[in-house]
Amino acid sequence: MGKVILTCFAGRRRYLEILYKYIDRLKLDEVHIWDYTREESDTAWLRENTVYQIMTPQDKSTWKDYYMYYTTDKYQPDDIIIKCDDDIVFIDVDQFDTFVENRRKDTKSLLAFAGIINNRVCGLNQAEQQIIPFSEENINLVYFSVQMCKLLHDYFVHNCDTVCAKAKMNGGPTLIVPSRKTNMININFIAILGKDLWAFQECWDKDEDKLSLEIPLERRLCNYIDTSFTVSHMAFTGQRTSGYDETADLANYKILAENRA
């Protein structure tokens with residue numbers, strides 16, 4: 001049985017303090033925290049509070065060092081490498097093993113996406129499967145809508161158990177056939193098999209577009225979203241620039257993490 005390795009682009013202390021509570025509870029063989037910090041205070045906190053392996057890129061202005069590190073010759077074909085954004089503020093720990101099992105079963109798809117709260121394409125699947133009570137029209141606004149961002153987070157933190165129960169019951173792997181109509185899927189929480197790490201060497205300059213759309217189109221591969229496993233993503237740049245104030249939602253996610261620790 002191959003290893004399960006979680007990797008994270010770190011990071012902002014305010015998110016990592018929450019994320020670490022969940023990572024601590026996952027069954028993982030390795031955790032790689034990549035130091036892409038931008039603030040000296042975050043760097044100091046990361047070095048003082050991280051028990052996991054800290055990876056140091058030579059150039060923080062690009063993701064190239066990260067993507068060039070994970071190669072097929074370094075890992076076994078059935079190893080699972082997970083890429084997790086630092087602002088993942090909830091992980092359904094109870095369903096993580098199912099996510100891993102489903103990833104091992106599907107050896108043909110390039111990427112496995114979690115069912116990500118606050119992610120447009122994942123949200124469309126969650127809405128269709130009645131995991132979250134929002135319309136396609138509303139979900140399609142998510143990239144730049146402060147209101148939609150707040151609605152999603154407020155609903156989720158107050159209905160977390162219900163959402164996760166519905167995800168477990170109604171969700172599961174849904175193939176995403178590559179198409180220009182599908183559009184790019186944000187890679188906030190993904191899993192790739194060791195045998196497919198060649199794709200990392202081809203994507204570093206434009207990772208989300210290439211991994212979620214261009215490479216699957218070129219190679220005739222599919223990705224899939226596993227909506228049975230739920231994680232929550234804090235905010236997109238477009239939401240932040242539109243004026244999203246995360247203070248209240250982040251406080252709620254801290255309480256949620258503490259209650260589940």
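Rules used throughout
Residues numbered from 1 in each chain as written. Predicted model: local features only at pLDDT ≥ 70, side-chain atom pairs only at ≥ 80, totals over all residues. Heavy atoms only, no water. Core = buried A, V, L, I, M, F, W, Y, C linked by side-chain atoms within 4.5 Å. Buried < 20%, exposed > 50% of the residue type's maximum accessible area, 1.4 Å probe, protein only. Helix = DSSP H or I, 4+ residues; strand = E, 2+ residues; numbered from the N terminus. Contact = heavy atoms within 4.5 Å. Disulfide = S-S within 2.5 Å. Salt bridge = Lys/Arg side-chain N within 4 Å of Asp/Glu carboxyl O. Phe/Tyr/Trp six-rings, centres within 6.5 Å; stacked < 30°, edge-to-face > 60°. Lys NZ or Arg CZ within 6 Å of the ring centre and 35° of its normal.

(A) View of the nonpolar core. Judged by nonpolar contacts, the single largest core of 88 residues is most densely connected at Ile91, Phe96, Ile132, Phe189, Phe200, Leu211 and Tyr253. Element by element, the count of residues in this core is highest for helix 1 (residues 13–23), at seven residues. With near-sequence residues (within four places) excluded, Phe96 lies in contact with Val4, Leu26, Lys27, Leu28, Ile82, Phe189 and Phe229.

(B) The state of the cysteines, seen in detail. Under the counting rule described, the total for this entry stands at zero disulfides. Summary of cysteine pairing: Cys84 is not part of a disulfide, and the nearest cysteine sulfur, belonging to Cys8, is at 5.0 Å. The closest cysteine sulfur to the non-disulfide-bonded Cys122 is located on Cys84, 13 Å from its own sulfur.

(C) Region of the structure containing the pattern of salt bridges. Counted under the stated rule, the structure contains 15 salt bridges. For Asp97, the salt bridge is made with Lys27, and the minimal N-O distance between the two is 3.3 Å. Highlighted residues: Asp97 in helix 4 (residues 93–105) and Lys27 in the loop between helix 1 and strand 2 (30–35), separated in sequence by 70 residues. Of the residues examined, Lys27 reaches a relative accessible area of 61% and is grouped as exposed. For Arg219, the salt bridge goes to Glu202, with nearest N and O atoms at 2.7 Å. Placement of Arg219 in helix 10 (residues 207–219) and of Glu202 in helix 9 (residues 198–203) is noted, with a sequence separation of 17 residues between them.

(D) Just the packing of aromatic side chains, in detail. Per the stated rule, a full pass over the model turns up 26 aromatic pairs. Measuring from centroid to centroid gives 6.4 Å for Trp34 and Tyr36, while their planes differ by 20°, and the two rings are stacked. Relative accessible area serves as the criterion here: at 3%, Trp34 is assigned to the buried category. Looking at Tyr36, the relative accessible area reads 6%, which means it is buried. An aromatic cluster of at least three residues, connected via ring pairs, comprises Phe9, Trp34, Tyr36, Trp63, Tyr66, Tyr67, Tyr69, Tyr70, Tyr75 and Phe200. Sitting above the plane of the Tyr69 ring, Lys74 keeps its charged end 3.6 Å from the centroid. Positioned above the aromatic ring of Phe9, the side-chain terminus of Lys83 is 5.1 Å from the ring centre.

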